[in-house]
Amino acid sequence: KGEKTMIQRCTKERRKELESYFEERFGIPSSVFARWSWYESDRGRIFLGPADVPGGGAVGVGLPACRIGRTIKPSAALLQLLGRHVTKNALSLTADDASRYINGQNLTVRAHDGVVAVCYRGACLGSGTVRQGMLKPLLPKAHRLNAKL
């Protein structure tokens, strides 16, 4: 615990896997990622950062993009940044539902199972997982707000 992990540039195969995922799941074309590089920690955390990072064993680089475990879970930060490119699996919320989402509450929705981009008034708020009509926010607790939109 407390041990820092090194970050290294993803292999070409991993890059292709990540870009294919974002294109297939969210409609984000791989061209959006062309000027960036993907980096990976040994704990399955993926970062999107500058193409050239000086050597020396970086501990962190760029924007937290996703986690890889059994599935790929995109970060709220990445979808907020690239929300304008999302054309698939985007869930547009009402003001009341958006308020519940940013408070971290589950919502009943009509959407296919899986990870979705969660939007309000054209802006991507983050992501969530839909299972049997229930949306579970994938919004970090530190980013949740007790607010009404």
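Cut-offs used in this document
Residues numbered from 1 in each chain as written. Predicted model: local features only at pLDDT ≥ 70, side-chain atom pairs only at ≥ 80, totals over all residues. Heavy atoms only, no water. Helix = DSSP H or I, 4+ residues; strand = E, 2+ residues; numbered from the N terminus. Buried < 20%, exposed > 50% of the residue type's maximum accessible area, 1.4 Å probe, protein only. Contact = heavy atoms within 4.5 Å. Areas by Shrake-Rupley, 256 points an atom, 1.4 Å probe, with all protein chains shown as cover. Lys, Arg positive; Asp, Glu negative; His and termini not counted. Salt bridge = Lys/Arg side-chain N within 4 Å of Asp/Glu carboxyl O. Polar contact = N/O pair within 3.5 Å; in protein donor to acceptor, adjacent residues only side chain to side chain. Phe/Tyr/Trp six-rings, centres within 6.5 Å; stacked < 30°, edge-to-face > 60°. Core = buried A, V, L, I, M, F, W, Y, C linked by side-chain atoms within 4.5 Å. Pairing = 2+ DSSP bridges.

Novice: How do you make sense of the overall build of the chain when you look at a structure like this?
Specialist: Regarding its fold elements, the chain presents three helices and ten strands. For the chain, the α and β elements follow one another from N to C terminus as β-α-β-β-β-β-α-β-α-β-β-β-β. Looking at the chain as a whole, 44% of its 149 residues qualify as buried. Taking the intrachain contacts of the chain between residues at least 6 apart in sequence as the baseline, contacts between residues at least 24 apart amount to 54%. Of the roughly 9100 Å² of accessible surface on the chain, 50% is carried by carbon and sulfur atoms.

Novice: Could you clarify how one ought to interpret the side chain of R25 in this entry?
Specialist: Note on placement: R25 falls in helix α1 (residues 12–26). Of the side chains with opposite charge, D113 comes closest to the buried, unpaired R25, at an N-O distance of 8.3 Å. Of the polar contacts made by the side chain of R25, one reaches the backbone oxygen of V115; its length is 2.6 Å. What R25 contacts, discounting residues up to four positions off in sequence, is K88, N89, D113, G114, V115 and V116.

Novice: How should the packing of aromatic side chains be read in this particular structure?
Specialist: The relation between two aromatic rings is expressed through the spacing of the ring centres and the mutual angle of the planes. In total, this model carries six aromatic pairs according to the counting rule given. Where F22 meets F33, the ring centres are 5.9 Å apart and the plane angle is 50 degrees; that geometry is what we call tilted. Of this pair, F22 sits in helix α1 while F33 sits in the loop between α1 and β2 (36–41); the two residues are eleven residues apart in sequence, bridging distant segments of the chain. The class of F33 is buried, set by a relative accessible area of 0%.

Novice: Explain the nonpolar core here, please?
Specialist: Within soluble globular proteins, side chains that are nonpolar tend to cluster in buried spots. The biggest cluster of nonpolar side chains holds 23 residues, and the ones touching the most others in it are L18, F22, F26, I28, F33, W38 and I46. Among the secondary structure elements, those contributing two or more residues to this core are α1, β3 (45–50), β4 (63–68), α2 (76–82) and β8 (114–120). Considering each element in turn, this core owes the most residues, four residues, to α1. The contact partners of I46, leaving out residues within four places of it in the chain, are C10, L18, W38, Y39, E40, L63, P64, A65, C66 and I68. L91, A98, V118 and V130 belong to the second largest nonpolar core, which has 15 residues in total.

Novice: Looking at this model, I keep getting lost on the pairing of β2. Mind explaining?
Specialist: In summary, the side chains of a regular strand alternate between the two faces of the sheet. Counting buried positions along β2 yields five of six residues, so the element is predominantly enclosed. In the sheet, strand β1 (residues 7–9) pairs with β2 via three bridges, with the strands oriented antiparallel. Its bridge partner lying in β2, Q8 is registered against E40. Of the strand pairs in this sheet, β2 and β3 are connected by five bridges, and their pairing is antiparallel. What sits directly across from S37, in β3, is G49. Connecting the antiparallel pair β2 and β3 is a turn made up of three residues, with G44 showing a positive phi of about 80 degrees.

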